[in-house]
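Here's the letter readout for the chains.
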Amino acid sequence: MKHLLLTFFTWWNSDTWGTRFFTWRKGEFVGTDEFGNKYYKERGGKRRWVIYKNLAEASQIPAGWHGWMHYRTDTPPTESDYVAREWEIAHSPNLTGTPNAYRPKGSILTPEKRPEVTGDYHAWTPGE
């Protein structure tokens with residue numbers, strides 16, 4: 001019951017009923033990536049979309065599929081011998097909003113104290 005309500009009212013948990021209906025009616029399955037995301041294209045049309053396995057996080061699309069999704073290539077990685085370049089790094093999740101997010105020195109969320117002001121800054125005042 002909970003899964004049914006989540007797919008009915010939330011867009012960030014995989015797909016919604018509207019997406020599911022559109023995919024059933026007009027979608028053509030293209031392939032799946034290593035994260036379990038499923039890629040579709042519109043039959044006889046130009047639309048392309050992804051149904052994420054878990055949370056809808058755009059940074060989870062691998063480089064080969066990203067190129068296909070953004071029309072950089074018309075051939076999806078499943079139909080070509082796509083090999084990642086040696087300079088491409090593996091996916092790392094977007095940590096923004098999590099406890100593991102980057103926090104610079106002086107942030108109110110770090111236990112470190114902010115560095116003291118050195119005194120080399122003079123505020124501008126009108127008339128100077």
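Just so it is clear, the model here is predicted, and its values are computed rather than measured.

**A few points about the sheet that holds strand 2 (residues 38–42)**
In step 1: Read from one edge of the open sheet, 3 strands run 1-2-3, paired in antiparallel fashion. Only two strands of the sheet have a single partner each, and these edge strands are strand 1 (27–32) and strand 3 (48–51). Put simply, the sheet's adjacent strands are angled 30° from each other on average, direction ignored.
In step 2: Relative to strand 3, strand 2 is paired through 4 bridges, and the arrangement is antiparallel. In the sheet register, Lys 38 faces strand 3, and the bridge partner there is Ile 51.

**Overview of the nonpolar core**
In step 1: Ranked by size, the top nonpolar core spans 8 residues in total: Val 30, Tyr 39, Val 50, Tyr 52, Ile 61, Trp 65, Trp 68 and Met 69.
In step 2: With 3 residues, helix 3 (residues 63–69) is the largest single contributor of residues to this core.

**Overview of the side chain of Thr 23**
In step 1: Tracing the chain through its elements places Thr 23 in helix 2 (residues 17–26).
In step 2: Of the polar contacts made by the side chain of Thr 23, one reaches the backbone oxygen of Thr 19; its length is 2.7 Å.
In step 3: Among all residues touching Thr 23, those that are not within four sequence positions of it are Tyr 40, Trp 49 and Ile 51.

**Considerations on the packing of aromatic side chains**
In step 1: All chains considered together, the criterion is met by 6 aromatic pairs.
In step 2: Plain terms: the ring middles of Phe 29 and Tyr 40 are 5.5 Å apart, the flat faces sit at 70° to each other, and that makes the pair edge-to-face. Remark: Tyr 40 occurs in strand 2 and Phe 29 occurs in strand 1; sequence separation between them is 11 residues.
In step 3: Owing to a relative accessible area of 46%, Phe 29 belongs among the partly exposed residues under this scheme.
In step 4: Connected via pairs of aromatic rings, a cluster forms that spans Phe 22, Phe 29, Tyr 40 and Trp 49.

**Thoughts on the pattern of salt bridges**
Once their charged atoms are close, side chains differing in charge can pair, the charge on each being opposite to the other.
In step 1: Under the defined criterion, the tally for this structure stands at 1 salt bridge.
In step 2: With its nearest N and O atoms 3.3 Å apart, the salt bridge here joins Asp 74 to Arg 48. On the criterion of sequence distance, the pair formed by Asp 74 in the segment after helix 3 and Arg 48 in strand 3 is long-range, its members being 26 residues apart.
In step 3: Exposure remark for Arg 48: the relative accessible area of 18% places this residue in the buried category.

**Brief notes about the side chain of Arg 48**
In step 1: At 2.4 Å, the side chain of Arg 48 and the backbone oxygen of Trp 68 are in polar contact.
In step 2: Among the polar contacts listed, one links the side chain of Arg 48 to the side chain of Asp 74, at a separation of 3.3 Å.
In step 3: Filtering out sequence-adjacent residues up to four positions away, Arg 48 remains in contact with Tyr 40, Lys 41, Trp 68, Met 69, Tyr 71, Thr 73 and Asp 74.

How each quantity is defined
Residues numbered from 1 in each chain as written. Predicted model: local features only at pLDDT ≥ 70, side-chain atom pairs only at ≥ 80, totals over all residues. Heavy atoms only, no water. Pairing = 2+ DSSP bridges. Helix = DSSP H or I, 4+ residues; strand = E, 2+ residues; numbered from the N terminus. Axes fitted to C-alpha atoms, helices over the stretch in contact; angles between N-to-C directions. Core = buried A, V, L, I, M, F, W, Y, C linked by side-chain atoms within 4.5 Å. Buried < 20%, exposed > 50% of the residue type's maximum accessible area, 1.4 Å probe, protein only. Polar contact = N/O pair within 3.5 Å; in protein donor to acceptor, adjacent residues only side chain to side chain. Contact = heavy atoms within 4.5 Å. Phe/Tyr/Trp six-rings, centres within 6.5 Å; stacked < 30°, edge-to-face > 60°. Salt bridge = Lys/Arg side-chain N within 4 Å of Asp/Glu carboxyl O.

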